[in-house]
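Take a look at the letters that make up each chain.
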Amino acid sequence: MTNRIRITAVLVILCVLICSFIALHIASQMEVKEVSSISMNSSTSDTVTLRWHKVKNADGYKVLVLGENDEYELLTTVEDGEANEVTLTELAPATVYDFKMSAFRIYRGKEYESEISEEYAECYTLAATPQLRVSVKEPYSFSVSWSAQENVAGYEVEYSQSEEFNGSKTTTVTENSFTLTDLKERDTYYARCRAFFEYNGNNVYSEWSDIASGVVIKKVVMNSDIDPDKPMIAFTFDDGPNYETTPLILDTLEEYNARATFFMVGNRVPGCEYILERELEIGCELGNHTMTHKNYGSSVTVSDISDASDTIYDACGQYPSMFRCPGGIITATIQRECYDEGMPLAYWSVDTQDWKLKDAEKVYDNIIDNVYDGCIVLMHDIYEPTAEAVANAVPELVRQGYQIVTVSELIYYKTGESAQAGEQYVDCDTINNYTD
């Protein structure tokens, strides 16, 4: 009897021990410790990367963010107990966030969650990287602007005449634009910008923007006798100067207070310096038509353009303010060099075919029958029939009420804005940079 009691007691104790062990095991499977050491590892303008110490037995984590009602709300769930990092996305830029976390474990199909962490991580997103827009519409100035941002204290602008920003200067502005004035014509300026906001007494900066550049333009002196309310057309002449025929055209223009844009071939300028001086005296515009006119389209090099510009400057002390592509074929190289030199490009909307016809009467008819208010007329000042056609067409157009002006004047008075470097104008209203 005594032995039975002892055996029974032993069995009871064993059962109790087994049950306790099972209970402890179940409890250990259900227990999840609190997350600790939460911190910000990195951030961008719309993300924050959080780190924490892994929690033993955790099957995942929950990230909570402090909401507008001062309560922590679930932001995202990390379905990986081995993780100790998560990148939170779609956050607002230049914003401070408070994050807390909890860990959870799934046992027998049921989720067991730790207490929400006592500690929290105060994190911030960077300001958005500004996207710069350049403007060189105003003479002798260089401007950059960007979209205004919320929650920022200001913007830091760095600018230089070096693409590598050698000798650069910086300035801080609170508005979303910055302008340099009183600059030298044809100088190139480079700029970049970053936004910042204040956090714990320090400035936190966004990434630098892409570098933007622009070429300073000069003031195009417009003739005060132009009436913007009256129709006007732009006469243009290619391939000169020619010491015999160009002066004949200038005689007609001067007699009728008309002007034109002359797109010159650089190697034809030496010896004709007096022609360029006269063109300027009567208010005409100097244009660049490459150095030799031997290359077309993709064969046109940067030096074809820049050498002609330098030759024209050496002849009269003024750089050309317009460019025309040989054959009218534009390329990215041509467009970029014209932008760098501050020259708009002029195509045409009326082709007189003077180069092919070489007939004064037919050229005259092509002018009179096809011109319209705001058009750009293509001619060549190296042909005598063209000079004769101009002598007859100008007085007739004046009689019809047209003002004959330069391309720059046409665009300015018809649109209210100066022609933009690197843009190719077909007429006063049409830009086409893909004529080939």
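Note that the structure is predicted; figures quoted are calculated from it, not measured.

Looking at this structure, how should I read the pattern of salt bridges?
Oppositely charged side chains may form a pair once their charged atoms are brought near each other. Tallied over the full model, the rule gives 15 salt bridges. Ionic pairing is found between R51 and E85, a salt bridge with its closest N-O pair at 2.6 Å. In this pair, R51 sits in strand β2 (residues 48-51) while E85 sits in strand β5 (residues 85-88), placing the two residues 34 residues apart along the sequence. Ionic pairing is found between E409 and R259, a salt bridge with its closest N-O pair at 3.2 Å. In this pair, E409 sits in helix α9 (residues 407-415) while R259 sits in the loop between α2 (246-255) and β18 (261-264), placing the two residues 150 residues apart along the sequence. The pair formed by E409 and R259 is uniform in burial state, with each residue classed as buried. Three or more residues are tied together by salt bridges with common partners; here these are K62, E111 and E113.

Sorry if this is basic, but what is going on with the side chain of S321 here?
By the element assignment, S321 lies in the loop between α4 (302-316) and β20 (322-323). Residue S321 is classed as buried on the basis of its relative accessible area, which comes to 15%. For S321, the side chain forms a polar contact with the side chain of E285, separated by 2.8 Å. With sequence-adjacent residues up to four places away left out, S321 is seen in contact with E285, L286, M343 and P344.

Teacher, can you tell me more about the pairing of strand β17 (residues 232-238) here?
One face of the sheet, then the other: side chains in a regular strand alternate in exactly this way. Most of β17 sits out of view: 7 of its 7 residues are buried. Of the two faces of β17, both are covered, the one formed by M232, A234, T236 and D238 as well as the one formed by I233, F235 and F237. With 3 bridges joining them, β17 and strand β24 (residues 403-405) adopt parallel strand pairing. Considered in β24, the bridge of M232 is made with Q403. Alignment of β17 against β18, held across 3 bridges, turns out to be parallel.

Is there a simple way to explain the sheet that holds strand β10 (residues 142-145) in this structure?
Two modes of strand pairing occur in sheets, parallel and antiparallel, and in both the strands are linked by backbone hydrogen bonds. In space, the 3 strands of this open sheet follow the order β9-β10-β13, with antiparallel pairing throughout. Looking along the sheet, the strands with just one partner apiece sit at the ends: β9 (133-135) and β13 (177-180). In this sheet, neighbouring strand axes are inclined to one another by 15° on average, regardless of whether the strands run parallel or antiparallel. As paired strands, β9 and β10 are joined by 3 bridges and run antiparallel to one another. The residue bridging R133 from the neighbouring strand is S145, located in β10.

Teacher, can you tell me more about the packing of aromatic side chains here?
Within a pair of aromatic rings, the relevant descriptors are the distance that separates the centres and the angle that separates the planes. All told, the structure shown has 13 aromatic pairs when counted by the stated rule. Centroid distance F196 to Y205: 5.4 Å. Interplanar angle 50°. Geometry classified as tilted. Cluster of aromatic residues (ring-pair linked, three or more members): Y124, F197 and Y199. Its guanidinium or amino end placed over the ring of F104, K62 lies 5.8 Å from that ring's centre, counting from NZ or CZ.

For this particular structure, what's the right way to read the packing of helix α3 (residues 273-281) against α4?
Angle between the axes and distance between the axes: these two values describe a pair of packed helices. Two elements in contact, α3 and α4, have axes whose closest approach is 9 Å; the angle formed by their N-to-C orientations is 80°. With respect to α4, the axis of α3 lies roughly perpendicular. Across the interface between the two elements, E273, L276, E277 and L280 of α3 pack against I312, A315 and C316 of α4. Partitioning the contact of α3 with α4 into residue classes produces 5 nonpolar, no polar and 2 charged.

Here is what the cut-offs are and how they apply
- Residues numbered from 1 in each chain as written.
- Predicted model: local features only at pLDDT ≥ 70, side-chain atom pairs only at ≥ 80, totals over all residues.
- Heavy atoms only, no water.
- Salt bridge = Lys/Arg side-chain N within 4 Å of Asp/Glu carboxyl O.
- Helix = DSSP H or I, 4+ residues; strand = E, 2+ residues; numbered from the N terminus.
- Buried < 20%, exposed > 50% of the residue type's maximum accessible area, 1.4 Å probe, protein only.
- Polar contact = N/O pair within 3.5 Å; in protein donor to acceptor, adjacent residues only side chain to side chain.
- Contact = heavy atoms within 4.5 Å.
- Pairing = 2+ DSSP bridges.
- Axes fitted to C-alpha atoms, helices over the stretch in contact; angles between N-to-C directions.
- Phe/Tyr/Trp six-rings, centres within 6.5 Å; stacked < 30°, edge-to-face > 60°.
- Lys NZ or Arg CZ within 6 Å of the ring centre and 35° of its normal.
- Parallel < 35°, antiparallel > 145°, perpendicular 65-115°, else oblique.
- Nonpolar A, V, L, I, M, F, W, Y, C, P; charged D, E, K, R; others polar.

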